[in-house]
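# Examining the three-dimensional arrangement
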Amino acid sequence: MSQVDSVGVLGAGLMGAGIAQVAAVAGYRTVCRDVSQDALAKAQASIAKSLARFVEKGNLNAADRDAALRHLTFTDDLDAVAHTSLVIEAVTEDLAVKNTLFTDLNVRSPHRTVFASNTSSLTIGAMAVASNRPDRFVGLHFFNPVPLMPLVEVVRGVTTSESTMSAAMEFVQRLGKVPIEARDTSGFIVNLLLVPYLLDAVRALERGAGTVTDIDRGMKLGCGYPMGPFTLLDFVGLDTTMRIGEIMFEEYRETRYAPPPLLKRMVLAGWLGRKSGRGFYDYSQDPPRAMG
Ligand code: 3HC
């Protein structure tokens, strides 16, 4: 694979917007594509807000912020993304949806374009085949909030070529982030360890080990985690965590990955965490109030 000189991002949700932001700040011409105009408008606003915070804190100068904004385009046109040199997919965690996009994109993109997926639990191999460019397919797993979290897992599928891997590692470094290489197993490195921990916190709550507040305090103050597990679950999204757990359970058939009943009930109730205003905490209150 030749050098990355432009970036296409599929999906303008939380992760897609964050990825587009860091690519634009690093100086890449960046195209962010979503089918929803509403999602595009929200992404544009959240990027502007995040960049303003960096400027306010003195971590980015105003000229660099303006340059980053000039590098960014928001569109619903798939062809605009197809002609970038690296396309990073960050749409919903659904293999059929992702593969339909990759199949469609493959016929529109030049041979040299590399495809990447920000999947958190699906395997790269399952998408590499559908993309019809298995050697030029790699996993790039970012962490939320993307502008702040320094890590990116670079996932080597069985068919990923050496040149694709090295270009992906170099791209991550140019973003100012730290790459770690992960094998193509569901959950890669971080979610393999993080997801059972989050699900165990829900099981501890179900068993009455402690309250939401005390379990969060325990892990924050006792172990130095920046957020307790319930604050983090609300931050990541209960539906997202449930979906990741289901995919990992399907892969490993180990109960540690199985979403506990309480999590499923909360998702059914529409309590998805911060994004819906309510999860393990109620965000209509200030400070947010833990469920009782
Ligand atoms: N853009 C720019 N600046 C931001 C920002 C954003 N999106 N969000 C927060 N900030 C800034 C704030 O302005 C603040 O700046 P200051 O320190 O100079 O005042 C600073 O970042 C810290 O923010 P807060 O005071 O609001 O909150 P915290 O001190 O708690 O830090 C955090 C926020 C960095 C998110 C920290 O709580 C943290 O590291 N949490 C854990 C996050 C985590 O584990 N993420 C991984 C989730 S798993 C995942 O993504 C994988 C997926 O597959 C599930």
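The structure we're discussing is the one just above.
Thresholds, definitions, all that
- Residues numbered from 1 in each chain as written.
- Predicted model: local features only at pLDDT ≥ 70, side-chain atom pairs only at ≥ 80, totals over all residues.
- Heavy atoms only, no water.
- Helix = DSSP H or I, 4+ residues; strand = E, 2+ residues; numbered from the N terminus.
- Rg over C-alpha atoms; globule rule 2.2 N^0.38 Å.
- Buried < 20%, exposed > 50% of the residue type's maximum accessible area, 1.4 Å probe, protein only.
- Contact = heavy atoms within 4.5 Å.
- Core = buried A, V, L, I, M, F, W, Y, C linked by side-chain atoms within 4.5 Å.
- Expected span 1.5 Å × (residues − 1).
- Axes fitted to C-alpha atoms, helices over the stretch in contact; angles between N-to-C directions.
- Parallel < 35°, antiparallel > 145°, perpendicular 65-115°, else oblique.
- Phe/Tyr/Trp six-rings, centres within 6.5 Å; stacked < 30°, edge-to-face > 60°.
- Lys NZ or Arg CZ within 6 Å of the ring centre and 35° of its normal.
- Pairing = 2+ DSSP bridges.
- Near = heavy atom within 4 Å.
- Polar contact = N/O pair within 3.5 Å; in protein donor to acceptor, adjacent residues only side chain to side chain.
- Areas by Shrake-Rupley, 256 points an atom, 1.4 Å probe, with all protein chains shown as cover.
- Nonpolar A, V, L, I, M, F, W, Y, C, P; charged D, E, K, R; others polar.

## Thoughts on the overall build of the protein chain
Of the regular secondary structure elements, the protein chain holds 12 helices and 10 strands. In terms of overall size, the protein chain behaves like a compact globule, its C-alpha atoms giving a radius of gyration of 19 Å where 292 residues would be expected to give roughly 19 Å. Dimensions of the protein chain along its principal axes, counting C-alpha atoms only, are 55 × 45 × 35 Å. Counting all 292 residues of the protein chain, 49% fall into the buried class. Taking the contacts inside the protein chain whose residues are at least 6 apart along the sequence as the reference set, 66% of them involve residues at least 24 apart.

## Observations concerning the nonpolar core
Core analysis: the largest hydrophobic core is formed by 38 residues, its most contacted members being V7, L86, I88, L140, F142 and F171. Secondary structure elements with two or more residues in this core: β1 (6-10), α1 (14-25), α2 (37-56), β4 (86-89), β5 (114-117), β6 (137-142), β7 (151-156) and α7 (162-174). Apart from residues no more than four positions distant in its own chain, L140 is found in contact with L86, I88, A116, S117, N118, V152, E153, V154, A168, F171 and V172. Counting residues in hydrophobic clusters, the runner-up holds 25 residues, among them A204, V212, L238 and M266.

## Comments concerning helix α8 (residues 190-206)
Its 17 residues give α8 an end-to-end C-alpha distance of 25 Å, which sits within 8% of 24 Å, the value for a rise of 1.5 Å per residue. Listed as buried for α8 are N191, V195, P196, Y197, L198, L199, A201, V202, R203, A204 and L205. At its buried positions, α8 is contacted by β6, α9 (212-223), α10 (229-236), α11 (238-252) and α12 (261-268). Of the residues trailing α8, G208 is marked for its positive phi of about 80°.

## A few points about the packing of α10 against α11
Axis separation between α10 and α11 bottoms out at 6 Å; the angle between their running directions is 95°. What the angle tells us is that α10 and α11 run roughly perpendicular. Contact residues: α10 offers L233, D234 and V236, while α11 offers L238, T240 and T241.

## Brief notes about the packing of aromatic side chains
A complete count under the given rule lists seven aromatic pairs for this structure. A ring pair is formed by F102 and F137, whose centres lie 4.9 Å apart and whose planes are at 75°; its orientation type is edge-to-face. Highlighted residues: F102 in helix α5 (residues 95-108) and F137 in strand β6, separated in sequence by 35 residues. The two residues F102 and F137 agree in class, both being buried. Relative to Y257, the ring of Y252 lies with its centre 5.3 Å away and its plane at 35°, an arrangement referred to as tilted. Aromatic ring contacts, followed pair by pair, group F102, F115 and F137 into a single cluster. Just above the ring of Y28 sits the side chain of R174; from NZ or CZ to the centre is 4.1 Å. A cation sits over an aromatic face here: R278 above W271, 4.1 Å from the ring centre.

## Overview of the sheet that holds strand β3 (residues 72-75)
Read across the sheet, eight strands follow the order β3-β2-β1-β4-β5-β6-β7-β8 without closing on themselves; strand pairing throughout is mixed. The outermost strands of the open sheet, each flanked by one partner alone, are β3 and β8 (178-183). Neighbour to neighbour, the strand axes of the sheet diverge by 25° on average, direction disregarded. Here β6 pairs with β7 via four bridges, running antiparallel. Each bridged residue has a counterpart across the sheet, and for F142 the counterpart in β7 is V152. Of the strands in this sheet, β1, β4, β5, β6, β7 and β8 touch α7, which is tilted by about 175° from β7.

## Details of the site of the ligand
Surrounding the ligand, one finds 18 residues, the nearest of these being S50, K57, S120, H141 and N144. Between a nitrogen atom of the ligand and a side-chain N or O atom of S50, the distance comes to 2.6 Å. N191 places a side-chain nitrogen or oxygen 3.0 Å from an oxygen atom of the ligand. In the complex, 64% of the free accessible area of the ligand, which totals 1,100 Å², lies under the protein chains. Contributions of two or more residues to the shell around the ligand are made by α2, α8 and α10. The biggest single contributor to the shell around the ligand is α2, with three residues. In terms of residue class, the shell around the ligand is made up of 11 nonpolar, five polar and two charged.

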